[in-house]
Amino acid sequence: MTATSVTCTSHPDGSLLDSRALARTFAACLVAYPPLLALLLIPQLMRSRAGSEALLTVGLLLLLALVVGAVVLAPEVSAKAAPAGAHWRPGAARTRVRALIGESRRTYLWRLGEFVALYIAAQGVGGLVAWLLPHVADNLAHATDPTASRWIIDYPNYAAQAGVMYVCVCFALAWYATRLRAESVRGEVSGRSS
């Protein structure tokens, strides 16, 4: 029995997934992306009711940039948290991902699709938390004083939703990176056996 078979679980599609690598990568992602958490914690940039449409646009563009950046960096975060073989080491993981895209674009797109599905699920979980812990309410003072804000933001509830979404997005990033790590490990094993 090799070390690979001890630490990895085989799946029907032939890929490998190391649950310990997933856990380590998830923990590393929680620490690696504080700018994303900081943005999610600013209601003026994430909710038009807390700020303005212009601020919401800025916030959404920043969110897009941070999520794309996180996806690009996720393999390196994984390589630092759970290195594997010669190709999945800090400084080499993104190169391995580019090679995977060249070798099997379809496999890479499946892994990216898994991230997108989990990211969408994170938005759904955030919506559920917002439903359970409403963070926006009408400001009754606005009816008599038009200068008063139209909405009241319950920041503790808002922060709870943002925190849950951050954890879910970090899990999506960890899943994506760990699945790419598994493809790298599988490529190395098949390369040695051929």
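These figures come from a predicted structure and were not determined experimentally.

We now examine the overall build of the protein chain. Helix and strand counts for the protein chain come out as nine helices and four strands. Moving toward the C terminus, one meets the helices and strands of the protein chain in the order α-β-β-α-α-α-α-α-α-β-α-β-α. For the protein chain, buried positions account for 37% of its 194 residues.

Per-residue confidence for the protein chain gives a mean pLDDT of 84; residues scoring 70 or more make up 84%. In this model, residues 1–15 is a region of pLDDT below 50 whose contacts with residues beyond four sequence positions or in other chains number 23 contacts.

Structurally, Ala54 can be placed in helix 5 (residues 53–81). Classification of Ala54 as exposed rests on a relative accessible area of 54%. With ten residues separating them along the chain, Ala54 and Gln44 place their C-alpha atoms 10.0 Å apart.

On to the packing of helix 6 (residues 93–103) against helix 7 (residues 105–132). A pair of packed helices is characterised by two quantities: the angle between their axes and the separation of those axes. At a minimum axis separation of 5 Å, helix 6 and helix 7 run at an interaxial angle of 120°. When the axes of helix 6 and helix 7 are compared, the pair comes out oblique. Residues Val97, Leu100, Ile101 and Glu103 of helix 6 form the contact with helix 7, whose own contacting residues are Arg105, Thr107 and Tyr108. Taken together, the residues that form the contact of helix 6 with helix 7 break down as four nonpolar, one polar and two charged.

With 28 residues, helix 7 should cover 40 Å at 1.5 Å per step; its first-to-last C-alpha distance of 40 Å lies within 8% of that length. Regarding helix 7, the residues found buried are Thr107, Tyr108, Arg111, Glu114, Phe115, Tyr119, Ala122, Gly126, Val129 and Ala130.

What counts and what doesn't
Residues numbered from 1 in each chain as written. Predicted model: local features only at pLDDT ≥ 70, side-chain atom pairs only at ≥ 80, totals over all residues. Heavy atoms only, no water. Helix = DSSP H or I, 4+ residues; strand = E, 2+ residues; numbered from the N terminus. Buried < 20%, exposed > 50% of the residue type's maximum accessible area, 1.4 Å probe, protein only. pLDDT = per-residue confidence, 0-100. Contact = heavy atoms within 4.5 Å. Axes fitted to C-alpha atoms, helices over the stretch in contact; angles between N-to-C directions. Parallel < 35°, antiparallel > 145°, perpendicular 65-115°, else oblique. Nonpolar A, V, L, I, M, F, W, Y, C, P; charged D, E, K, R; others polar. Expected span 1.5 Å × (residues − 1).

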